[in-house]
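Fold and geometry: a report
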Amino acid sequence: MAVEETQPLISHLIELRKRLLNSIISVLVIFIALVFFANDIYQLVSAPLIKQLPAGASMIATDVASPFFTPIKLTMIVSVFVSAPVILYQVWAFIAPALYKHERRLMMPLLFSSSLLFYLGMAFAYFIVFPLAFGFFAKTAPVGVLIATDINNYLDFVMALFMAFGVAFEVPVAIILLCWSGVTTPEDLRKKRPYVLVGAFVVGMLLTPPDVFSQTLLAIPMYLLFEVGVFCARFYVGKRRPQPEEEDEGDEHPVP
């Protein structure tokens, strides 16, 4: 009896190892393809700040090894972001056998939309937030203060914003899942709009650097995405229960 119980556990562990290896390999392949362009990638990411620097100002490296390791670090992070759809697919492929058919039909669109929304959040940060925020910071610098940002500190700052906006743009997906699972309903969420608006600013304060400008630029899109999520969630309410013919579970793990 113990042997029969151990075999499924071993097969699940083998499957988990396979999915982890596929994810790691995808990240490494993309990293190898991009590492030659590490300096160009950093230059692209730092462009919004460089355009706002006063004449004669530039970014600096306070550590001897920063000019080499910081672009490499950025390239590794970019590799993870680019391979996010592959990683999400590996997660889906691992849990798919435990899902009903109606749940599988929901998961694939959600995986696609979550990846798309994450990239849209990063694009919003890069093209909208960065130029406005860096322009604001550059113009409000005290007289006699020369802006010279360390390249490593800048990378940490923009990565925090990228992650904050990428995660914040997942609000519609989270709302759809909550309503679909029966935790809440679109009607209940509509009644809580004032609290959601305040909560958006609180989350903006927690996820972004300590400045009101970045917090506001995150809170407003979050609330608008909340409204989008509430609108879309009404199409998923009541679809959680499977039909009798759909209650069969998958047989094997799908092969990617």
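This report concerns the structure included in the present document. (Residues numbered from 1 in each chain as written. Predicted model: local features only at pLDDT ≥ 70, side-chain atom pairs only at ≥ 80, totals over all residues. Heavy atoms only, no water.)

Examining the nonpolar core
Which entries qualify depends on this criterion: Within this scheme, the nonpolar core is defined by two criteria: the residues are buried Ala, Val, Leu, Ile, Met, Phe, Trp, Tyr or Cys, and they are joined through side-chain atoms within 4.5 Å. The buried label goes to any residue with under 20% of its type's maximum accessible area, the exposed label to any with over 50%, and the partly exposed label to all in between, with areas taken from a 1.4 Å probe on protein chains only. The helix and strand labels rest on DSSP assignments: H or I over at least four residues marks a helix, E over at least two residues marks a strand, and numbering proceeds from the N terminus. What makes two residues a contact is simply this: any of their non-hydrogen atoms within 4.5 Å.
Formed by 49 residues in total, the largest nonpolar core has its most connected members in Leu 74, Phe 130, Tyr 154, Val 158, Phe 162, Phe 165 and Ile 175. Taken together, the elements giving at least two residues each to this core come down to helix H2 (38–50), helix H3 (66–82), helix H5 (101–139), helix H6 (151–168), helix H7 (171–180) and helix H10 (212–233). Once residues within four sequence positions are removed from consideration, Ile 175 is found in contact with Leu 189, Phe 226, Gly 229, Val 230 and Ala 233.

Observations regarding the packing of H5 against H6
Convention followed: Axis geometry follows a simple rule: fit a line to the C-alpha atoms, using only the stretch in contact for helices, then measure angles between N-to-C directions, giving values from 0 to 180 degrees. Throughout this description, any angle smaller than 35 degrees is read as roughly parallel, any larger than 145 degrees as roughly antiparallel, any in the 65 to 115 degree range as roughly perpendicular, and the remainder as oblique. A crossing counts as left-handed when the near helix is turned anticlockwise from the far one by less than a right angle, and as right-handed when that turn is clockwise. Gly counts as polar in this scheme, as do all residues outside two lists: the nonpolar Ala, Val, Leu, Ile, Met, Phe, Trp, Tyr, Cys and Pro, and the charged Asp, Glu, Lys and Arg.
Running from amino to carboxyl end, H5 crosses H6 at an angle of 130°, the nearest separation of the two axes being 8 Å. Considered as vectors, H5 and H6 are oriented oblique to each other. Here H5 and H6 pass one another in a crossing that is right-handed. Where H5 abuts H6, its residues Leu 117, Phe 118, Gly 121, Met 122, Phe 124, Ala 125, Tyr 126, Val 129, Phe 130, Phe 134 and Phe 137 lie against Tyr 154, Phe 157, Val 158, Leu 161, Phe 162, Met 163, Phe 165, Gly 166 and Val 167. Across the contact of H5 with H6, the residue classes break down as 18 nonpolar, 2 polar and no charged.

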